[in-house]
Amino acid sequence: MLTRLKSVAESGFPLWQSVAKSGRQYPYAKHIARLAVRSLYAELVLYPKPGLVSLRDNGSHHDMDASCFMRSLFSLRHYFRAIAIAGAQGAEFHELKALGIVAEQRMLQATRGINTHRGAIFALGMLSAAAGYCLARDQTVTAAALRQTIVTQWGKALRMHSLPPVSETHSHGQQAAKQYAASGAREEAALGFPSIFELALPRLQQSLDEGRSLYLAQVDSFFSLMARISDTNLYHRGGTEGIAYARHAAQQFLDQGGTAHPQWLHIAECCHKQFIARRLSPGGAADMLAATCFVHHCAEIFSLSTGHE
């Protein structure tokens, strides 16, 4: 399979189309792709997310806006289907990586060189592959099953590739990870995404169990991520002081009750303004939030599926 992928990539023909043509027996792959794109959109429209782009404003960014993110989303829709099919076929990690490289190139073309979703391409790509793998084998799709699949099928390769980037282009986040010895998306994946499965997803479910809407639960989940993870985007923009400030602000929001607080919106918006003033942007937390939304929706929609329509 890898030889075919390389030859297609070198010819300039969209790599994922080659995979999709050989995977028509996996109709659920399009549903996986739809959930992945929907999860990225849910992250985009969520407000307030301190320092981040939404439909309301550009946060701490002068080089990107919501329309830029929408172009990026549109460019990735076929990638998620292709990587879900590759996962269903039992592809090895280097084959998934090849798909991710092409997806990143398409994203950069769509955004005119702006990195909107590099981390999400990796995290959501691995989760989409895991969902495809489970459904192809008639396994019940749960959060635990997705995590176990990533660790069992690709964990060894992920540990070996936890430092090198998806492509030869070093992002600001990757440079910050090296400078501050911070963990990034690949280190997260090698450990089975603990920030998703042990932190963000339980917080999302807690807020839902307490009667709050999915939207509010996503806000709580986002702040829980910001308070705990080693976000290389924050390291890049603010160094150790920046990430310390972000973690403190997020934890303070949570300690006050999160979205259960009557004035939660005012508190979160004040935090957003402070992040903009400091030019802080927790992009890593945003990627993990989108991945958390994906896992949540997959478990809801595919939990009773046998992998066949």
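Draft legend 1. Local environment of the packing of aromatic side chains. Tallied over the entire structure, the rule returns six aromatic pairs. With centroids separated by 6.2 Å and ring planes inclined at 65°, the aromatic side chains of Tyr26 and Tyr28 adopt a geometry described as edge-to-face. Each member of the pair Tyr26 and Tyr28 is classed as buried. With a centroid separation of 5.0 Å and 50° between ring planes, the pair formed by Tyr79 and Phe80 is classed as tilted. Each member of the aromatic cluster is reached from another via a ring pair, and the members are Phe222, Phe223 and Phe253.

Draft legend 2. Broad picture of the side chain of Ser39. Topologically, Ser39 is positioned in helix 3 (residues 29-45). The buried category is assigned to Ser39, whose relative accessible area is 0%. Once residues lying within four places of it in the same chain are set aside, the contact partners of Ser39 are Ala290, Cys293, Phe294 and His297.

Draft legend 3. Broad picture of the environment of Tyr133. Tracing the chain through its elements places Tyr133 in helix 6 (residues 118-136). Taking relative accessible area as the criterion, Tyr133 reaches 13% and is therefore assigned buried. Along the sequence, Tyr133 and Gly90 sit 43 residues apart, while their C-alpha atoms lie 6.6 Å from each other. Sequence-distant contacts of Tyr133, that is, excluding residues within four places in its chain, are made with Gly87, Ala88, Gln139, Thr149, Gln153 and Trp154.

Draft legend 4. Main features of the pattern of salt bridges. The final tally for this structure, using the stated rule, is five salt bridges. For Glu210, the salt bridge identified is with Arg212, shortest N-O distance 2.6 Å. One salt bridge in this structure joins Asp220 and Arg212, with 3.3 Å as the shortest N-O distance. By the burial criterion, Asp220 is buried, and Arg212 matches it.

Draft legend 5. Local environment of the confidence of the model for the protein chain. In the predicted model, the protein chain carries a mean pLDDT of 87, and the fraction of residues at 70 or more is 83%. Segment residues 176-182 is flagged for pLDDT under 50; beyond a separation of four residues in sequence, or across chains, it makes twelve contacts in the model.

Each value, and the rule that gives it
- Every chain begins its residue count from 1, and numbering advances along the sequence as written.
- Under the rules for a predicted model, residues below a pLDDT of 70 receive no local features and side-chain atom pairs below 80 are neither given nor counted, while totals for whole chains, interfaces and linings still include all residues.
- The side-chain quantities take in all heavy atoms of the structure and omit both hydrogens and water.
- Any two of the Phe, Tyr and Trp rings considered here, Trp counted by its six-membered ring, make a pair once their centres fall within 6.5 Å; the pair's planes then place it as stacked at under 30 degrees, edge-to-face at over 60, or tilted in between.
- Each residue gets one of three labels from its accessible area relative to the maximum for its type: buried under 20%, exposed over 50%, partly exposed in between, using a 1.4 Å probe on protein chains only.
- Only DSSP runs of H or I covering at least 4 residues are called helices, and only runs of E covering at least 2 are called strands; the numbering of each starts at the N terminus.
- In what follows, a contact means two residues having at least one pair of non-hydrogen atoms within 4.5 Å.
- The rule for a salt bridge is simple: a side-chain nitrogen of Lys or Arg has to be within 4 Å of a carboxyl oxygen of Asp or Glu.
- Scored between 0 and 100, pLDDT is the confidence that the predictor attaches to each residue.

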